[in-house]
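Read off the chains here:
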Amino acid sequence: MTSDAVTGEEITDVAELARRLRAEAVRSNERRGLVLAGDRDAGIDAAYTAIEALEWRTDVEDGSGIEVRGDVETRADVEVRADADARADTETRGNADVRGTADARADVEVRPDAENRVTLEDHPDLEGNETRAAATGEAGLDVSIVSTREGFRFDRVAPVHADDLLGTTRDVVVLDCHERFRPNALGQVVGAVDGGGLLVLVTPPLADWPAIRDGFDEGLAVPPFGIDDVTGRFRDRLVSTIRDHEGIAIVDVADASSAVAVQGEGDAQGEGDAQGEDDADHGSTAATVRDPGLTNPSERSSERSPERPRERSEDRTFDAPAGAAFPDAVYAACRTRDQVRAVRAFESLRGPGPASVVVESDRGRGKSSAAGLAAAAFALEGLDVRVTAPSVDAVGPLFDRVRKVLSARNAIRTVGTVDVTDEDGRRIETGTGGSVGYVSPPVAAERAGGDGADVLIVDEAAALPVATLEALLAAEAVAFCTTIHGYEGAGRGFSVRFLDRLRAEAGETGRDLGEIRLDQPIRYARDDPIERWAFRALLLDAAPVVAEAVEDVWVDDAPESDGSGPNATPASDGSDPAPDVSGSAPDVTYRRLTTDDLLADERLLAEAFGLLVFAHYRTEPNDLARLLDAPNLSVRALTARGHVIAVALLAREGGLSADRRASMYEGARVRGNMVPDVLTSQLRDEDAGTPVGIRTMRIATHPALRRRGLGSQLLDRVHDEFTGAEADHATVDYFSVSYGATPDLVRFWQRAGYGTVHVSTTRNDASGERSAVMIRPASAAGERLRDRHATALRDRLRDGLSDALRDLDPDVAAATIAACPVDGGEWLSLDERDWRALVAAADGPGGYEVVPGAARDLAFAALLDRDVSGGRGRDCDGPNNSERDALDDDAGALTDREVRLLIRTVLQSRPREEVADELGYESTRQCLRALGSAIGTLLDRYGGTVVAEERERFDR
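Residues numbered from 1 in each chain as written. Predicted model: local features only at pLDDT ≥ 70, side-chain atom pairs only at ≥ 80, totals over all residues. Heavy atoms only, no water.

### A look at the overall build of the protein
Phase 1 of the analysis: The number of helices and strands found in the protein is 31 helices and 26 strands.
Phase 2 of the analysis: Expressed as a percentage of the 956 residues in the protein, the buried residues total 57%.
Phase 3 of the analysis: For the protein, restricting intrachain contacts to residue pairs at least 6 apart in sequence, the fraction spanning at least 24 positions comes to 74%.
Phase 4 of the analysis: By element, 43% of the accessible surface of the protein is carried by carbon and sulfur atoms, the whole surface being about 37,200 Å². (Helix = DSSP H or I, 4+ residues; strand = E, 2+ residues; numbered from the N terminus. Buried < 20%, exposed > 50% of the residue type's maximum accessible area, 1.4 Å probe, protein only. Contact = heavy atoms within 4.5 Å. Areas by Shrake-Rupley, 256 points an atom, 1.4 Å probe, with all protein chains shown as cover.)

### Considerations on the UniProt feature "binding site: ATP" (unreviewed entry) in the protein
Phase 1 of the analysis: Per the UniProt annotation, the sites labelled "binding site: ATP" (unreviewed entry) are Q339 and R523. Spanning 185 residues, the named residues form one tight spatial group whose C-alpha atoms are at most 13.0 Å apart.
Phase 2 of the analysis: By secondary structure assignment, the location of Q339 is in helix α9 (residues 337–346).
Phase 3 of the analysis: Residues contacting Q339, with those up to four places away along its chain left out, are C334, R365, G366, S369, A370, L518 and I522.
Phase 4 of the analysis: Within the element layout of this structure, R523 appears in the loop between β19 (512–518) and α15 (529–538).
Phase 5 of the analysis: By relative accessible area, R523 is classed as buried at 12%. (UniProt positions renumbered as here; feature names shortened; annotations may be inferred.)

### Notes on the packing of aromatic side chains
Phase 1 of the analysis: All chains considered together, the criterion is met by 8 aromatic pairs.
Phase 2 of the analysis: Geometrically, the ring pair formed by F722 and F735 is edge-to-face, given 6.4 Å between the ring centres and 75° between the ring planes. With F722 in helix α21 (residues 710–723) and F735 in strand β24 (residues 734–740), this residue pair connects regions lying 13 residues apart in the sequence.
Phase 3 of the analysis: Relative to Y754, the ring of W749 lies with its centre 5.1 Å away and its plane at 80°, an arrangement referred to as edge-to-face.
Phase 4 of the analysis: Here Y754 falls in the buried class, since its relative accessible area comes to 2%.
Phase 5 of the analysis: Taken together, the aromatic side chains of F748, W749 and Y754 make up a single cluster linked through ring pairs.
Phase 6 of the analysis: One residue, R31, lies across the ring of Y524, its end atom 3.7 Å from the ring centre.
Phase 7 of the analysis: Between the NZ or CZ atom of R897 and the centre of the ring of Y921, over which it lies, the distance is 3.8 Å. (Phe/Tyr/Trp six-rings, centres within 6.5 Å; stacked < 30°, edge-to-face > 60°. Lys NZ or Arg CZ within 6 Å of the ring centre and 35° of its normal.)

### A few points about the sheet that holds strand β23 (residues 692–701)
Phase 1 of the analysis: The 7 strands are arranged β20-β21-β22-β23-β24-β26-β25 in an open sheet whose pairing can be described as mixed. Taken across any chain shown, the strands that pair with only one partner, and hence form the sheet edges, are β20 (589–593) and β25 (755–763). With direction set aside, neighbouring strand axes in the sheet form an average angle of 25°.
Phase 2 of the analysis: Relative to strand β26 (residues 770–777), β25 runs antiparallel, the two sharing 5 bridges. Counted as the bridge partner of T756 is M774 from β26.
Phase 3 of the analysis: Contacts from helix α23 (residues 780–800) reach β24, β25 and β26, with the element oriented near 45° to β25. (Pairing = 2+ DSSP bridges. Axes fitted to C-alpha atoms, helices over the stretch in contact; angles between N-to-C directions.)

### Looking at unusual backbone geometry
Phase 1 of the analysis: Note the cis peptide between P223 and P224, where omega equals 5°.
Phase 2 of the analysis: Its location among the elements puts P224 in the loop between α5 (215–220) and α6 (233–244).
Phase 3 of the analysis: Of note in this structure, L539 is not a glycine but carries a positive phi near 55°.
Phase 4 of the analysis: Tracing the chain through its elements places L539 in the loop between α15 and β20.

### Let's talk about helix α20 (residues 674–682)
Phase 1 of the analysis: Residues V675, P676, D677, V678, L679 and T680 constitute the buried set of α20.
Phase 2 of the analysis: Taken from the residues just after α20, R684 is the one with a positive phi, measuring 60°.

### Regarding the pattern of salt bridges
Phase 1 of the analysis: Considering all chains together, one arrives at 60 salt bridges under this definition.
Phase 2 of the analysis: A salt bridge links D214 to R235; the nearest nitrogen and oxygen atoms lie 2.9 Å apart. Here the residue D214 occupies a position in the loop between β9 (193–203) and α5, and R235 occupies one in helix α6, the gap between them amounting to 21 residues. Per residue, the accessibility class of D214 equals that of R235, and both read buried.
Phase 3 of the analysis: Among the ionic pairs, R636 bridges to E721, the shortest N-O distance being 2.8 Å. One end of the pair, R636, is in strand β21 (residues 633–640); the other, E721, is in helix α21, with 85 residues separating them in the sequence.
Phase 4 of the analysis: Judged by its relative accessible area of 1%, R636 falls in the buried class.
Phase 5 of the analysis: Taking the relative accessible area as the measure of exposure, E721 reaches 17% and is therefore buried.
Phase 6 of the analysis: What you see here is one network of salt bridges that share partners, running through R213, D214, D217 and R235. (Salt bridge = Lys/Arg side-chain N within 4 Å of Asp/Glu carboxyl O.)

### A word on the packing of helix α26 (residues 832–843) against helix α27 (residues 852–864)
How two helices pack is summed up by the angle between their axes together with the distance between the axes.
Phase 1 of the analysis: At their nearest, the axes of α26 and α27 sit 9 Å apart, and the two run at 85° to each other. Taken together, the axis directions place α26 and α27 in an arrangement best described as roughly perpendicular. Contacts between α26 and α27 involve D834, W835 and L838 on the former and, on the latter, A854, A855 and L858.
Phase 2 of the analysis: Classifying every residue of the contact of α26 with α27 by side-chain character gives 5 nonpolar, no polar and 1 charged. (Parallel < 35°, antiparallel > 145°, perpendicular 65-115°, else oblique. Nonpolar A, V, L, I, M, F, W, Y, C, P; charged D, E, K, R; others polar.)

### Section: the pairing of strand β6 (residues 143–146)
Phase 1 of the analysis: Judged by which residues are buried, β6 turns out to be covered on both faces: V143 and I145 on one side and S144 and V146 on the other are all buried.
Phase 2 of the analysis: Here β6 pairs with strand β8 (residues 170–176) via 4 bridges, running parallel. Pairing of V143 across the sheet is with V172, part of β8.
Phase 3 of the analysis: Pairing of β6 with strand β7 (residues 155–157) involves 3 bridges; the strand directions are parallel. Paired with S144 across the bridge in β7 is D155.

### Quick look at the side chain of R32
Phase 1 of the analysis: By the element assignment, R32 lies in strand β3 (residues 32–38).
Phase 2 of the analysis: Residue R32 is classed as buried on the basis of its relative accessible area, which comes to 0%.
Phase 3 of the analysis: One polar contact links R32 to E30, side chain to side chain, over a distance of 2.9 Å.
Phase 4 of the analysis: Excluding anything up to four places from it in sequence, R32 contacts L21, E24, A25, G197, L198, L199, G247, G293, T295, P297, P529 and I530. (Polar contact = N/O pair within 3.5 Å; in protein donor to acceptor, adjacent residues only side chain to side chain.)

### What to know about the confidence of the model for the protein
A low pLDDT score tells you not to read the predicted coordinates there in detail.
Phase 1 of the analysis: Overall, the prediction assigns the protein a mean pLDDT of 79, with 76% of residues at 70 or greater.
Phase 2 of the analysis: Note on residues 57–139: pLDDT under 50 across the span, and 145 contacts to partners over four residues away in sequence or across chains.
Phase 3 of the analysis: Contacts from residues 301–313, a stretch scored under 50 in pLDDT, to residues over four places away or in other chains number 37 contacts. (pLDDT = per-residue confidence, 0-100.)

### Some points on the environment of Y665
Phase 1 of the analysis: Here Y665 shows up in helix α19 (residues 658–665).
Phase 2 of the analysis: Once the C-alpha coordinates of Y665 and S681 are considered, the two residues, 16 residues apart in sequence, prove to be 5.0 Å apart.
Phase 3 of the analysis: Setting aside anything within four residues of it in sequence, one finds Y665 in contact with T680, R684, D685 and E686.

### With respect to the packing of helix α28 (residues 896–907) against helix α30 (residues 924–942)
Phase 1 of the analysis: Between α28 and α30, the shortest axis-to-axis distance is 10 Å and the interhelical angle comes to 105°. It follows from the interaxial angle that α28 and α30 lie roughly perpendicular. Of the residues in α30, those touching α28 at E898, L901, L902, T905 and V906 are C927, A930, L931, S933, A934, I935 and L938.

### Some points on the nonpolar core
Taken as a class, soluble globular proteins show a tendency for nonpolar side chains to be buried jointly.
Phase 1 of the analysis: Ranked by size, the top nonpolar core spans 89 residues in total, and within it Y739, W749, W835, L838, L858, L902 and L939 carry the most contacts.
Phase 2 of the analysis: Sorting elements by how many residues they give to this core places α27 first, with 9 residues.
Phase 3 of the analysis: Judged by nonpolar contacts, the second largest core, of 60 residues, contains V146, V190, I248 and L539. (Core = buried A, V, L, I, M, F, W, Y, C linked by side-chain atoms within 4.5 Å.)

### With respect to the pairing of β24
Phase 1 of the analysis: Taking burial as the measure, the 7 residues of β24 include 5 buried ones, the bulk of the element.
Phase 2 of the analysis: Looking at chain direction, β23 and β24 are connected through 3 bridges and run parallel. Bridge pairing in β24 places R695 opposite S736.
Phase 3 of the analysis: Note that β24 and β26 share 7 bridges and pair antiparallel.

The structure is reproduced here in structure tokens:
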């Protein structure tokens, strides 16, 4: 029994607590949390009690005291409660249980009139609240239960499909945290709870939860580690935030028939137990309210919801701004003034001239809805709109809005699945000739500006790599909408890197650029306690330290030009001078950040995780749990003045048993061993899992400290730590990395000593890039592993570039081949006939088609020997975009254009007309002359006596 800290009244049970939480949430247009900690069955029972307390009224027409639910069919077993006021403490069972299920027998149905539907309008906390009736007078509650169990009468969602709730609205969401608690699921469901709603967590006893291992933890126990090696530090921190945060009630629950006390009791429920709450009789639940979670929001509620009282969520309308081109109905559908501003910004995409719009917001602010309203307006004008996003599911809310606007105007001509394979199932056509259709990011990037679309809308843009976003700028009119902080933890590459380039491009080309940020939540008030708790618990707003605190950091031995690693932003002209850092720079310290270090300092944790988020285009709450709990992961960082300025997330791989290697060779997936898995299962090397490797999963430097050598220094220190004389670790045989291949990234890793051993033949669905795997040996075993796979890659690429890799970008192909640690000159072996035919192709009447194999070998050998690490316009810590003018430093070497020509024609066998057009030759004839010249250059380099003699004949 706990007293309300505000009123001093005692709260004796779950039902009363739920009503009080709900009433307070409605009054302030906020959300509240309710944690039911203890036995799983008891927790689900208590969740039902809480929900039914909001759905039921007592003492209806017959005055019997029987509780009647007004919006569902009920089972004939009506539960009679002897005392309605004590419903959560004791239950006197009659001959029926009113808690009906969807499949229950309907021997008796009780359907009271609408006036008896349960509302909160009589609750004293709502006395005098003018929004009371509208806020609570709806028929029933919209409830979803996220659980691995089945059989609930409410909407049930499996935890792995919790993202189905994104973009939806619920009065109550119950998240069952037993059996397989996924942090992603928590982040996904939080946003679905409406203002005035409850987020209910059914958890093990909070004191015991961190020590309980479940199905999610099994995924962290990657070989050779076991489940006992997984820690519970993420949940330990999560529990701490639950206990400390306002607006979250905590109730200990247990089966009242059990003699086991709640405190210290673990989850005894097995995976194969009863399916769901409604498939068995309810047991009595003993509940102890530990913290009522109630606040007094009356003093600040008016400040937190200045625009949107809860009852006006769909009823409030806005007038179109003066001079607006879109229909008034589009603006009337906006829910906040922020949305009105965003929709108005989209009008700039109507032309004339190139234009871009950027819409940023936290989750729940209606950016996708605003994009949908604009897309509908464009389609009404007869324009064709293409929408792209990381997945077709991500654009559901956008298309819902399009459909609603167009339906209201009877403007939809067809809705359905697109026939072509690269458009995935969403397309709406209007009677005015307009359309809104989805395309995948790779297709959108490939077609940008050339597929006839009038407008391109990119939703969740931060979840796409910067290279993809840059390709999309080829569209004449393009909008980028993205979540700043959300469960996706979307990469900050969009905000920090891409926006810089977009602004620079707009300044150089005159492209119109509008930037809008949405701050007003759509469904709940500003400063909502549950949103603040979710941000803190899942580090959704983690970010690097402010630039001013570290901007004077410099590495003493930094190269003159430094891209600071794979997340570097190149100079617009490739030659930005290094910043002028005057005075005494602070010391840079290399640190191993243990879990204890991170959890002891929330600022340190947020800075480190914020940089890791920045380094990757998609980071999730699950990644935070992995960082804190997975036994194979560790963090290294460079710090200055105690702030994290560069960070690397490392994964131990390999060292697998013979049985494990054999099963992997036969097709079994081995978690957490990506490089051994690829080399074993795909490239058929059963011994690849024997050496021990350290894979760099992510590496990032502070965005204000790019081009200062920090990325290279961090990698150097990692290498030294694990292989140097003072290394205190078990033997490490190699270092590795896998990433979406771009020319800049390949060069960065090659200069750090890594060689290419694999290039995937398929593209990543989101990025459109092919993955490259690179290895840096640290022992004889690691060198053998690298060398045999580099040799195999050489042979695969030689033939594969004209087959599975025929559409590989030529710059990526050139970089990956050059980074393959094989000597091309030693490998090249041609007979006299081959050399004579190649001379004829370059200087005489022949053509390289006569000896395609010899031409391919010659070109490939040259690419293998191409010096991309010698510093021509680049340094050992990252890329810039300066044009590389040579195969190496010798006079007369190949230009970049000639390298692309060799790859497209000789290695990829692309049609000559296509190559001439792509590379800017005036004609096919000019293209062939250039090819002959390029082959001649290679003959100068590799040809011997036979070539010299043959050339003399043409020189006579």
